Amino acid sequence: MSTRKRSSFIGIEWPTLGLILATYAGWVLVTAFGEMLTVWLALPMLTLLLVLHSSLQHEMMHGHPFRDQRASDVLAWPGLGLFIPYGRFRALHLAHHKDANLTDPHDDPESFYFAPEIYARLHWSFRAMLEVNNTLSGRIVLGPLVGTEAFMRTEIGLIRRGVPGVLRDWLVHLGTVAGVLWWLANVASLPVWAYVIAAYCALSILKIRTFAEHQAHERAPSRSVIIEDRGPLAFLFLNNNLHAVHHSHPAVPWYALPRVFKAKRAFYLARNGGYHFPSYWFVLARYFFRAKEPLPHPLPRQR
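Calculation rules
- Residues numbered from 1 in each chain as written.
- Predicted model: local features only at pLDDT ≥ 70, side-chain atom pairs only at ≥ 80, totals over all residues.
- Heavy atoms only, no water.
- Axes fitted to C-alpha atoms, helices over the stretch in contact; angles between N-to-C directions.
- Helix = DSSP H or I, 4+ residues; strand = E, 2+ residues; numbered from the N terminus.
- Parallel < 35°, antiparallel > 145°, perpendicular 65-115°, else oblique.
- Contact = heavy atoms within 4.5 Å.
- Nonpolar A, V, L, I, M, F, W, Y, C, P; charged D, E, K, R; others polar.
- Phe/Tyr/Trp six-rings, centres within 6.5 Å; stacked < 30°, edge-to-face > 60°.
- Buried < 20%, exposed > 50% of the residue type's maximum accessible area, 1.4 Å probe, protein only.
- Polar contact = N/O pair within 3.5 Å; in protein donor to acceptor, adjacent residues only side chain to side chain.
- Arc of directions from axis to C-beta.
- Salt bridge = Lys/Arg side-chain N within 4 Å of Asp/Glu carboxyl O.
- Patch = residues over 30% accessible without salt bridge, like charges linked within 9 Å, V, L, I, M, F, W, Y side chains within 5 Å.
- Areas by Shrake-Rupley, 256 points an atom, 1.4 Å probe, with all protein chains shown as cover.
- Core = buried A, V, L, I, M, F, W, Y, C linked by side-chain atoms within 4.5 Å.

(A) View of the packing of helix 9 (residues 143-160) against helix 11 (residues 192-211). Interaxial distance between helix 9 and helix 11 falls to 9 Å at its minimum, and their mutual angle equals 95 degrees. It follows from the interaxial angle that helix 9 and helix 11 lie roughly perpendicular. Packed against helix 9, whose contacting residues are Gly143, Pro144, Leu145 and Thr148, the element helix 11 presents Tyr200, Leu203, Ser204 and Lys207 at the interface. The class makeup of the residues in the contact of helix 9 with helix 11 is four nonpolar, three polar and one charged.

Pasting the structure below:
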């Protein structure tokens, strides 16, 4: 399903391209004039720009704004968020889109679940930290640290085993991060420490999105959520709150997802088994200090 023709000309999706250019321009201005803005104003502005940049990377890996994926990838490569290489984000996320494997800790690279036999062998202190991380408040505070450590440990293992493409993606990413650090040291007036804090805070906000995106369920279509939010978080996440719709039609651009959902709302809610929340504020209120799901995957391995 595609709605690209309505907002495209000569193969370019202008709403997405315009938002990409505005985000990069905003990043340049906030970092360059951070001292004039004061750090404490520049830091939240930069945090929101980095959240939006990550969401736009997600759009670009799904073939937006250009028909030529290589052109979209070029726009997405800059590692403004510091911690996650775009090439690895793209490879892992596209693997995640095999809906038959969704939430399976063996086969879904974005699953937050553990295989029960692995979870049972973890030290009690590590399990305690993971239980805190399994609440939304814990995910916001600890999630970037816990997730990045696990991600890095896995990536180092892949590089050591010589898995094709992993080292290349990291080298490209580190080259772009070096460019960011050069800019901060030689052009921008924003301190590096403030930039690192903003990057961490951006990951914290993104954890709100991923916290409820999926659930373990026997039916693959019932594993992806619909959150009917139209507020600032929905914009920052580029309408990925309508996640079941995105998984059904990953080629549909962010600005068309609400229209697609509205046209067949009852169908999508029935298809995903009613895995639904009215807003992100509802999710925050319900799960801020409690877990949504157990950490060990509750179902037999999905085969």
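This is not the end of the story, as more comes after the structure.
(B) Quick peek at the packing of aromatic side chains. Applying the stated rule across the entire model yields 16 aromatic pairs. Considering the side-chain rings of Phe114 and Tyr119, the 5.8 Å spacing of their centres and the 55 degrees angle between planes classify their relative orientation as tilted. Its relative accessible area of 22% is what places Phe114 among the partly exposed residues. Here the aromatic cluster, defined as three or more aromatic residues joined through ring pairs, consists of Phe211, Tyr275, Phe277, Phe282 and Tyr287.

(C) Examining unusual backbone geometry more closely. Going from His64 to Pro65, the amide bond is cis rather than trans, its omega being 0 degrees. With respect to the element layout, Pro65 can be found in the loop between helix 3 (39-61) and helix 4 (69-76). Residues other than glycine seldom take positive phi values, yet Thr103 does so here, at roughly 75 degrees. Looking at the secondary structure, you find Thr103 in the loop between helix 5 (86-96) and helix 6 (116-120).

(D) Representation of the environment of Thr135 within the structure. Turning to its location among the elements, Thr135 is positioned in the loop between helix 7 (124-133) and helix 8 (136-141). Given the relative accessible area of 11%, Thr135 is considered buried. Through-space distance from the C-alpha of Thr135 to that of Glu293 is 9.1 Å; in sequence the pair is 158 residues apart. Ignoring anything within four residues of it in the chain, the contact list for Thr135 reads Phe211, Tyr287, Phe288, Phe289, Arg290 and Ala291. Polar contacts involving the side chain of Thr135 include one to the side chain of Ser137, which spans 3.4 Å.

(E) Region of interest: helix 16 (residues 280-287). Turning to helix 16, its buried residues are Tyr280, Val283, Leu284 and Tyr287. Down the axis of helix 16, the smallest arc covering the buried residues is 100 degrees, so these residues share one side. Exposed residues on helix 16 whose side chains face more than 90 degrees from its buried face are Trp281 and Ala285. Contacts made by the buried residues of helix 16 are with helix 8, helix 11, strand 3 (226-227), helix 12 (232-236) and strand 4 (276-277). If you check the start of helix 16, you find a side-chain oxygen 3.3 Å away from the backbone N of Trp281, and it comes from Ser279.

(F) Spotlight on the pattern of salt bridges. Inspection of the entire model under this criterion finds eight salt bridges. Of the charged contacts in the structure, one is a salt bridge between Lys292 and Glu293, with a shortest N-O distance of 2.8 Å. Accessibility classification places Lys292 together with Glu293 in one group, the buried group.

(G) A look at the environment of Pro296. With respect to the helices and strands, Pro296 occurs in the segment after helix 16. Setting aside residues up to four positions removed in sequence, Pro296 forms contacts with Tyr113, Phe114, Pro116 and Tyr119.

(H) Broad picture of a nonpolar patch on the surface. Side chains of Leu29, Phe33 and Met36 sit close together on the surface and give an oily, nonpolar patch of about 350 Å² of accessible area. When you line up the elements, Met36 lands in helix 2 (residues 34-37).

(I) Structural detail: the nonpolar core. Formed by 70 residues in total, the largest nonpolar core has its most connected members in Trp27, Leu46, Leu50, Tyr195, Phe237, Phe277 and Val283. The element that contributes the greatest number of residues to this core is helix 3, accounting for eleven residues. Contacts of Leu46, omitting those with residues within four sequence positions, involve Trp27, Val30, Thr31, Leu190, Tyr195 and Ala198. Tyr119, Leu122, Val146 and Leu295 belong to the second-largest nonpolar core, a separate cluster that totals five residues.

(J) Highlighting the side chain of Thr47. Positionally, Thr47 belongs in helix 3. Contacts of Thr47, omitting those with residues within four sequence positions, involve Ala198, Cys201, Ala202 and Ile205.

Purely geometric numbers; function is a separate question.
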